[in-house]
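# Working through the structure, step by step
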Amino acid sequence: MLKINRVHHIAIICSDYEKSKHFYGEILGLKIVREVYREARQSYKLDLEVGNQYQIELFSFPDPPMRPSRPEAAGLRHLAFEVDDVEAAIAEVNQHGVITEPIRMDEFTGKRFTFLADPDGLPIEFYEV
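To keep things clear, this report deals only with the structure shown in the data block. Keep in mind that what you see is a predicted model, and the values were worked out from it rather than measured.

## What about the sheet that holds strand E2 (residues 31–38)?
Pairing within the open sheet is mixed, and its four strands lie in the order E1-E4-E3-E2. Where the open sheet ends on each side, the last strands, each with one partner, are strand E1 (9–14) and E2. Adjacent strand axes in the sheet meet at a mean angle of 20°, parallel and antiparallel pairs treated alike. Looking at chain direction, E1 and strand E4 (residues 54–60) are connected through six bridges and run parallel. Directly across from Cys14, in E4, lies its bridge partner Ser60. Contacting E1, E2, strand E3 (43–50) and E4, helix H1 (residues 17–27) crosses the sheet at an angle of about 160° to E4.

Below you can see the structure in the form of structure tokens.
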């Protein structure tokens, strides 16, 4: 049987590298591990650390096509981050002008969560532990 240890990384292609770098690095507070410019691809690759466990790879490419996210389309639905306090997380991103949806309750776990969007409209969830 196949043995998968964990998620190794999540790759995101952005349309505006500086905006997305600011959003993920400054607003969400993810640690920048490495940043490289790949001349042959005219592309930046930014490696971001999440809670000492996972890594997000943020890519920029010239004129990437937009991917629909609303109404919900087939494929990856959203990226969820675990937070200790959803209200505190909301307050933090709201200080940067990021709009969040009202807090909802997971009917199966009783946990609270909310959604927001990155600069390209990628749905992001804050899920309270």
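## Quick look at the packing of aromatic side chains
Tallying each qualifying case throughout the model produces six aromatic pairs. Where Phe113 meets Tyr127, the ring centres are 6.1 Å apart and the plane angle is 20°; that geometry is what we call stacked. Placement of Phe113 in strand E7 (residues 112–117) and of Tyr127 in strand E8 (residues 123–128) is noted, with a sequence separation of 14 residues between them. Note on Phe113: relative accessible area 11%, which makes it buried. In this structure Tyr127 comes out as partly exposed when scored by relative accessible area, which is 22%.

## Points about the sheet that holds E7
The four strands lie next to each other as E5-E8-E7-E6, forming an open sheet whose pairing is mixed. One side of each edge strand has no neighbouring strand; the edge strands of this open sheet are strand E5 (79–83) and strand E6 (104–105). Relative to E8, E5 is paired through five bridges, and the arrangement is parallel. For Leu79, the partnering residue across the bridge sits in E8 and is Ile124.

Calculation criteria
- Residues numbered from 1 in each chain as written.
- Predicted model: local features only at pLDDT ≥ 70, side-chain atom pairs only at ≥ 80, totals over all residues.
- Heavy atoms only, no water.
- Pairing = 2+ DSSP bridges.
- Helix = DSSP H or I, 4+ residues; strand = E, 2+ residues; numbered from the N terminus.
- Axes fitted to C-alpha atoms, helices over the stretch in contact; angles between N-to-C directions.
- Contact = heavy atoms within 4.5 Å.
- Phe/Tyr/Trp six-rings, centres within 6.5 Å; stacked < 30°, edge-to-face > 60°.
- Buried < 20%, exposed > 50% of the residue type's maximum accessible area, 1.4 Å probe, protein only.

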